[in-house]
Amino acid sequence: MSTELLAYRLLAQERVPVLTHTAGDRALLLEDLASSCDWRLADEADMTSEETGRGIAAWYRRFHEAGRKLLLQQPAAWQGLQREADRVTPESIHTLQIRLGLEDARVLDWAAGQVDPVVRAIRRLPQTLNYNDFHWSNLAVNRTDCASIIVFDYHLLGQGLPHSDCRNVMGCLQGNARQAFAEAYGPVGPYEPVLDAPIATLHALLMASECPKLPRWAHPLVEAVRDGTFERELHAAIDVAEEVNR
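Residues numbered from 1 in each chain as written. Predicted model: local features only at pLDDT ≥ 70, side-chain atom pairs only at ≥ 80, totals over all residues. Heavy atoms only, no water.

Caption draft 1: Expanded view of the side chain of Ser164. Mapped onto the elements, Ser164 comes out in helix α6 (residues 162–170). Relative accessible area serves as the criterion here: at 7%, Ser164 is assigned to the buried category. Looking at Ser164, its side chain comes within polar contact range of the side chain of Arg167, at 3.3 Å. Look past the residues within four positions of Ser164 in its chain and what remains in contact with it is Glu84, Asn130, Asn132 and Asp196. (Helix = DSSP H or I, 4+ residues; strand = E, 2+ residues; numbered from the N terminus. Buried < 20%, exposed > 50% of the residue type's maximum accessible area, 1.4 Å probe, protein only. Polar contact = N/O pair within 3.5 Å; in protein donor to acceptor, adjacent residues only side chain to side chain. Contact = heavy atoms within 4.5 Å.)

Written out as structure tokens, the structure reads:
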């Protein structure tokens, strides 16, 4: 059974809201949102709604609670799930430098020699399932209560820190929705945002380096490498990693 099929079955057992579905060993049939009486596909306007932000936070909290439990109770079932941090290695940093024309960015040479303890610290913190692919097109909204949300499509499921998912969501939400999500989800562990920040930048740049041309969303990340923002974030992460890895 594929990881996505397994996720629908086990998340439903843990009472995480999922779309009505029929799953075999090789196929998954989901409810048609275009004809559903209860649910509709979200649109871009929902990304500014305070109610939607709260609803997304409620879904993610339940998802992460279930994810922690499932990883502990059934570790063998999720062995193939990667962390974003697992892709960030000295070798992959050098590769993205070449592909993106950043050989002159010496901070990346320095980063290649510093990331291993930061990644090791991330692995030492409590892990959960990560959705990794938040976008309004993967969101079902209840037709009568827009604070009732289901996130679907788990083909990029991974494992990692809760903050990794929260950062992913906050990057898509705007205005009142973003603030409502942050307030409703609540704080994560104090180490998570600091350790995640430089690794998230490197992982995103690695993804950008695999595209035919530099995506628009990657331009601010390149600027962060050049203007010192990334270097400051990595310094902070190294300090925290020393404490976590003791």
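Caption draft 2: Local environment of unusual backbone geometry. If you check the backbone angles, Arg15 has positive phi at about 65° while not being a glycine. By the element assignment, Arg15 lies in the loop between α1 (3–13) and β1 (21–23).

Caption draft 3: Spotlight on the side chain of Thr128. Along the chain, the position of Thr128 falls in strand β4 (residues 128–130). The class for Thr128 is buried, based on a relative accessible area of 0%. From its side chain, Thr128 meets the backbone oxygen of His64 in a polar contact 2.7 Å long. Thr128 has contacts with Phe63, His64, Gly67, Arg68, Leu71, Gly158, Gln159, Gly160, Leu161 and Pro162, leaving out every residue within four places of it along the chain.

Just geometry here; none of it tells us what the structure is for.
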